[in-house]
Amino acid sequence: MSVNVETLDKLQRKVTLTVSAENVKFEINKRLQRVARNVKMDGFRPGKVPMDIIHKQYHNEIQQEVINEKVGRAFHDAIQESGLNIAGQPIINQLPVTAPNEWQFEALFEVFPEVTIGELDDTEIEKLTAEVDESAIERTLDILRKQRRTFNQRPADEPAADGDRVTVDFEGKIDGEPFEGGKAEGFQYLVGEGQMLEAFEDAVRGMKTGESKTFPLAFPDDYHGKEVAGKTADFLVTVNKIEAAQLPEVDGELAKQLGVKDGTVESLRGDIRKNLEREVKHRLQGRNKNAAMDVLIAKSELDLPQVSVDAEIESLMQNTRADLQKRGVKEANTMELERDMFKDLAERRVRLALIISTLVQQNGLQATKEQVDEHVRDLASSYEKPEEVVRWYQSDRKRMAEVEGIVTENNVTDFILGKAKVTEKAIAFDELMQR
């Protein structure tokens, strides 16, 4: 058949589809007869329901079903013949009847764009590097010790200091009036660890057991409690108990608690180094990948199919609602989210997906089975039973497809870094971890 594809805009296309009315009617009658042979209806024996009743009850439903199938097949054939690569689903509308034996429909849709990628040889990329030094291991040990700390009550004459666990009563008022969430009894928190606003921390630090103090506290303008954000409250705080932290020694006992098989400090430090090096590797890969992708975007020209952007926005909104629900937000599934909040990220993701797909096809950068298997083993290596984690990945095609996508992106990153003019820049371990 001859297919006439009309260009409406950069990526928007229109195709007119013709369906034989006689073929539709023939198929409808065939299906109605099939229904009549099998339908069960009160007052009639099977297969004996009059056709006028069958027609009245089932005709409209079957007609819509047949038309959808015929139009869908016509659209599929038209796209196959034209060789178009469509993005998303078409919008199909029926046109006014101009011939007694033909029904016409128009299909409106978008096609994927042509992607032009410029030369990468003249681009400059700053590739980050970082090392795991002894101080990083010491800080990690401190974190592990804090996670296992115990507390002993301080004598009454010793003041609260950073690291102590304090138990307090407090009440805040704004213009002399209490406010929701501004009062608590027997409230515990760790001094100096950012669990309270700085003004509250400063007031309690140095107080002794049994002491009370009144102090002003200015809530930040962006404070999560909107009713008090940007306002100043007067707080009365009383310290009921102060407990000093006791950290475990770095010894064989700690090593055993942390799952080190031979229970030695040397092996413990070795495990920490190995885990930190793995984390550094992944973070550097992420940072350097973003830098490479920024260059790739800057060097590419393409139009974005709006249907793909809209689908990505919907996906981001669903993920946001799911995340909010996990955090305990009760109305997460029904709350209003502004689509514009997700537009820039959605456009970047769609743009990158199209560019990466083109680059992969042009340069054979698709992940190999060996690369995917190696990446899975690397992911599993940080677990106590890595072989079980490997089986967990391999048992699900979706999980393996996600790994394949990550490895392919890594191949693209390596390809770009291999083409561009790369300057290495060493950054501190702390800076890499903070980001």
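The structure contained in this document is the topic of the report that follows. Source: prediction; values computed, not measured.

The next subject is the sheet that holds strand 4 (residues 102-111). Strand order across the open sheet formed by 4 strands is 1-2-4-3, with antiparallel pairing between neighbours. Two strands close off the open sheet at either side, each with one partner strand: strand 1 (5-7) and strand 3 (86-94). Taken over all neighbouring pairs, the strand axes of this sheet differ in orientation by 25° on average, direction set aside. Pairing analysis gives 6 bridges linking strand 3 to strand 4, with the strands arranged antiparallel. Following the sheet pairing, Ala87 is matched in strand 4 by Glu110. The strands touched by helix 1 (residues 21-38) within the sheet are strand 2 (12-20) and strand 4, with strand 2 carrying the most contacts at an inclination of about 65°.

On to the environment of Ser308, then. In this structure, Ser308 sits in helix 7 (residues 306-326). Taking the relative accessible area as the measure of exposure, Ser308 reaches 18% and is therefore buried. Placed 175 residues apart in sequence, Ser308 and Asp133 show a C-alpha to C-alpha distance of 45 Å. Sequence-distant contacts of Ser308, defined by excluding residues within four places in its chain, comprise Ala87, Phe112 and Val350.

The next subject is the packing of aromatic side chains. Applying the stated rule across the entire model yields 14 aromatic pairs. When the ring of Phe170 is compared with that of Phe200, the centres are 5.4 Å apart and the planes differ by 80°; the resulting orientation is edge-to-face. Placement of Phe170 in strand 8 (residues 165-174) and of Phe200 in helix 4 (residues 198-204) is noted, with a sequence separation of 30 residues between them. Of the two residues examined, Phe170 and Phe200, each falls in the buried class. Ring centres 6.2 Å apart and planes at 80° place the aromatic pair Phe179 and Phe235 in the edge-to-face group. In this pair, Phe179 is assigned in strand 9 (residues 177-190) and Phe235 in strand 11 (residues 232-246), connecting sequence segments 56 residues apart. Joined through ring pairs, the aromatic side chains of Phe170, Phe179, Phe187, Tyr189, Phe200, Phe215, Phe219, Tyr223 and Phe235 make up one cluster. It is Arg399 that lies over the ring of Trp392; its NZ or CZ is 3.8 Å from the centre.

Taking 1.5 Å per residue, 34 residues should reach 50 Å; helix 6 (residues 265-298) reaches 49 Å between its end C-alpha atoms and fits that length. Burial in helix 6 covers these residues: Leu268, Ile272, Leu276, Arg278, Val280, Leu284, Asn288, Lys289, Ala292, Met293, Val295 and Leu296.

Okay, the nonpolar core next. Formed by 30 residues in total, the largest nonpolar core has its most connected members in Ile125, Leu296, Ile356, Leu359, Val412 and Ile416. With 9 residues, the single largest contributor to this core is helix 8 (residues 340-363). For Ile356, the residues in contact, after removing those within four places along its chain, are Met293, Leu296, Glu409 and Val412. Grouped together as the second largest cluster of nonpolar side chains are 26 residues, Leu17, Trp103, Phe105 and Ala107 included.

Cut-offs applied
- Residues numbered from 1 in each chain as written.
- Predicted model: local features only at pLDDT ≥ 70, side-chain atom pairs only at ≥ 80, totals over all residues.
- Heavy atoms only, no water.
- Pairing = 2+ DSSP bridges.
- Helix = DSSP H or I, 4+ residues; strand = E, 2+ residues; numbered from the N terminus.
- Axes fitted to C-alpha atoms, helices over the stretch in contact; angles between N-to-C directions.
- Contact = heavy atoms within 4.5 Å.
- Buried < 20%, exposed > 50% of the residue type's maximum accessible area, 1.4 Å probe, protein only.
- Phe/Tyr/Trp six-rings, centres within 6.5 Å; stacked < 30°, edge-to-face > 60°.
- Lys NZ or Arg CZ within 6 Å of the ring centre and 35° of its normal.
- Expected span 1.5 Å × (residues − 1).
- Core = buried A, V, L, I, M, F, W, Y, C linked by side-chain atoms within 4.5 Å.

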